[in-house]
Amino acid sequence: MATAAQLFEEPFDADEYIERLAWRTPGGGSKGGAEAFDPKRLLDEFENHIEELKQLDEKIQRRVEKLEHQCHREAKEFAHKVQDLQRSNQVAFQHFQELDEHISYVATKVCHLGDQLEGVNTPRQRAVEAQRLMTYFNEFLDGDLRSDVFNNPEKIKEAADIIQKLHLIAQELPFDRFADVKAKIASKYHDLERQLIQEFTAAQRRGEIGRMREVAAVLLHFKGYAHCVDVYIKQCQERVNKQVGEVFSSPETVMAKLIQNIFENKLQAHVREKLDETRHTDVEQYLKNLNDLYTRTTALATKLNEFNLGSDKHTFLSKLIKSIFSSYLESYIDMEREYLRTRGAMILQRYYDSKNHQKRPIGTGSIQELKERIRQRTNLPLGPMIDTHGETFLSPELVVNLLQETRHAFERCNRLSDPSDLPKNAYSIFLLLVDNLCVDHIDYALEIGLSAIPSSDAKNANLYFLDVVQQANSIFHLFDKQFNDQLMPLISSSPKLAECLQKKKEVIEQMEVKLDTGIDRTINCMVGQMKHILTTEQKKTDFRPEDENNVMIQYTTACSKVCAYVSRQVEHVRKSMDGKNVDTVLTELGVRFHRLIHEHLQQYSYSSMGGMLAICDVAEYRRCAKGFRVPLVLQLFDTLHALCNLLVVAPDNLKQVCSGEQLTNLDRNLLHAFVQLRMDYRSARLGRHFS
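Residues numbered from 1 in each chain as written. Predicted model: local features only at pLDDT ≥ 70, side-chain atom pairs only at ≥ 80, totals over all residues. Heavy atoms only, no water.

The name an unreviewed UniProt entry gives the chain is Exocyst complex component 5, with Liparis tanakae as the organism.

Structure representation (structure tokens):
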């Protein structure tokens, strides 16, 4: 078996295995060997070897089975151990969770206790601080600063903290009662501020960095902190300038080289870092940073002009600034316009989204122009009427945001534009404001408002267009103010001024056309509502009562309701208009009001008592007309009142009344028409007075 086992060498090859077995068997070699070839012996050897291999196979198989059985047994034992470990781990995890919950509970209790302690301690500390400040305030009130903190120079830091807080408190006090103490606190505030700056200056001269840091931290809460920074920078500049002058024979060249090095290395790297990180990610911040850095750099150049930098130092500094900012300034106006366009669209969309309003497309081109001409000439509503539920779709907050963004843009434009490009750039910003504010907001609201005006025969119509007029006027006043305050100084001496004024004129004219159209249609609706009231409330028997001797009313119900309605509309007009526009609109409304009443009265016939009641109605209408405060309207109703006298005057006095001051200039046909309304016209033969 051992011999057979030795024949199994790696790598195993069956042919090689048979060859080695035959070679080991006596008489199994080749015929030319030392021993003759014996096939029977070789066969016996093969059979014996096969038997050995079978026994070896059985032995190995038993061993394999034994090992497999052992492996299965150990696997089961291992599985049981794993299950036991999992159960133990689960128990441990549950204990851990319980412990964690307990720790969280304890921590919550500790935090709650800490909050309670802080809630008790903080008010106590504030009360102590308030009491301390009140004590010091009383010293200023008495005029005697007894506390050591105000008299000991070594406690200047503590004194500065106290006086800074007292100064804030004093600003909230009424001036009439605390003028004296406010002045004392302010005086001490400025005195301490001056002492601190002097101390900072002295520490800088001595080179005491720690003391400088300490004083600067105290000054941080004072108004003079910026002055402290200026003092530091100035001393640094003077020190360097002085050293350069003492060391070099041509100090201006050295100073120029020093400044050039600062600009081209430190300053340029700082500018590039601040601008490149936001140039493509946050345009708004990029524009703010660009304006701020350019402003501060030009301010620095102005201060550097005080030093000896050669004969042409202004040109030298300008070139340094240009070398830093030229690549940014070249693309400035394009980025400004794109930002304003995007920002304006976002502000507008955010507003309409807040109103849950899907913006309607407003037509453009020849069809829209044709509709506009038809509407101007016929005053007809074109397109479906929209119910806006009282919404004007004009937002003061939106307008302020747009104007604020434009104001910042004008400021940046003034600072960052080349003088030769300034008018052109400012004009392009103005055009964007016109698009965002006047076209996309005001003009859109006017279009929606016009579409929402009901027809003149609508009943109980709500007239919101006057609210649109009021807000549009207010918004345009803000637009006009920005035009004069921010744009005019940038273009006043350039040809762009004429273009801006022309554009503004076109915008105003377009708005006025739509405003006039809307107001005219609104007045038509008002007159239509009056007509509806008169039609439904006025009865024929009002002016031909059955019992002439038992009329108890002062004026008819129709008259009362019409006057109430007219008074409300007059007040609405006054709130919605300003200046001469109020009189213009009220004049038109008053004339149409008079025409309606005049035509209405001619629809009835009048008895003697009915004529008296008509006179009472007209007197009430005249009283209502006084609220217009328009002389023409009042004059029309005075004349109408005089005409109504023809309904009740005695027949013999008709000629005299017609020749009166108020009626003498009227067409006799008109006078005759009123006389014909009398019930006794035919019986009393009143027509002969007009033959």
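**Topic: the packing of aromatic side chains**
Enumeration over the complete set of coordinates arrives at twelve aromatic pairs. Relative to Phe628, the ring of Phe593 lies with its centre 6.3 Å away and its plane at 10°, an arrangement referred to as stacked. Of the two residues, Phe593 is situated in helix H18 (residues 580-601) and Phe628 in the loop between helix H19 (608-626) and helix H20 (631-644); the sequence distance between them amounts to 35 residues. Note on Phe628: relative accessible area 0%, which makes it buried. (Phe/Tyr/Trp six-rings, centres within 6.5 Å; stacked < 30°, edge-to-face > 60°. Helix = DSSP H or I, 4+ residues; strand = E, 2+ residues; numbered from the N terminus. Buried < 20%, exposed > 50% of the residue type's maximum accessible area, 1.4 Å probe, protein only.)

**So, unusual backbone geometry**
Look at Asn356: it is not a glycine, yet its phi comes out positive at around 55°. Within the secondary structure, Asn356 sits in the loop between helix H11 (332-354) and helix H12 (366-378). By relative accessible area, which is 74% here, Asn356 ends up exposed. Of note in this structure, Arg629 is not a glycine but carries a positive phi near 60°.

**Here we look at the packing of helix H15 (residues 465-491) against helix H17 (residues 557-576)**
At a minimum axis separation of 8 Å, H15 and H17 run at an interaxial angle of 20°. Classed by the angle they form, the pair H15 and H17 counts as roughly parallel. Crossing handedness for the pair H15 and H17: left-handed. Between H15 and H17, the contacting residues are Leu466, Asp467, Val469, Gln470 and Asn473 on the first element and His572, Val573, Lys575 and Ser576 on the second. Across the contact of H15 with H17, the residue classes tally to three nonpolar, four polar and two charged. (Axes fitted to C-alpha atoms, helices over the stretch in contact; angles between N-to-C directions. Parallel < 35°, antiparallel > 145°, perpendicular 65-115°, else oblique. Left-handed = near helix turned anticlockwise from the far one by under 90°. Contact = heavy atoms within 4.5 Å. Nonpolar A, V, L, I, M, F, W, Y, C, P; charged D, E, K, R; others polar.)

**Things to note about a positive patch on the surface**
Taken together, Lys59, Arg62, Arg63 and Lys66 make up a surface patch of like positive charges. Looking at the element boundaries, Lys59 is found in helix H3 (residues 39-142). A relative accessible area of 55% places Lys59 in the exposed class. (Patch = residues over 30% accessible without salt bridge, like charges linked within 9 Å, V, L, I, M, F, W, Y side chains within 5 Å. Areas by Shrake-Rupley, 256 points an atom, 1.4 Å probe, with all protein chains shown as cover. Salt bridge = Lys/Arg side-chain N within 4 Å of Asp/Glu carboxyl O. Lys, Arg positive; Asp, Glu negative; His and termini not counted. Charge placed at Lys NZ, Arg CZ, Asp CG, Glu CD.)

**Looking at the pattern of salt bridges**
Using the criterion set out here, one finds 27 salt bridges in the structure. For Asp180, the salt bridge identified is with Lys184, shortest N-O distance 3.2 Å. Of this pair, Asp180 and Lys184 both sit in helix H5 (residues 175-206), four residues apart, roughly one helical turn. In this structure, Asp520 engages Arg592 in a salt bridge whose closest nitrogen and oxygen atoms are separated by 2.2 Å. With a gap of 72 residues between them, Asp520 in helix H16 (residues 496-537) and Arg592 in helix H18 connect regions that are remote in the sequence.

**A few points about the nonpolar core**
Counting residues in each nonpolar core, the largest one holds 128 residues, and the members touching the most others are Phe430, Leu437, Met530, Phe593, Tyr621, Phe628 and Leu646. With 16 residues, helix H14 (residues 422-452) is the largest single contributor of residues to this core. With residues near it in sequence (within four places) discarded, Phe593 still touches Met530, Val562, Val566, Tyr621, Phe628 and Phe637. Grouped together as the second largest cluster of nonpolar side chains are 30 residues, Ile162, Leu166, Val181 and Leu192 included. (Core = buried A, V, L, I, M, F, W, Y, C linked by side-chain atoms within 4.5 Å.)

**Here we look at a negative patch on the surface**
Negative charge collects at one region of the surface, where Glu506, Glu509, Glu512 and Asp516 lie side by side. On the secondary structure map, Glu506 appears in helix H16.

**Some details on the environment of Ile185**
Among the secondary structure elements, Ile185 is positioned in helix H5. Along the primary structure Ile185 and Ile163 are separated by 22 residues, whereas in three dimensions their C-alpha atoms are 7.1 Å apart.

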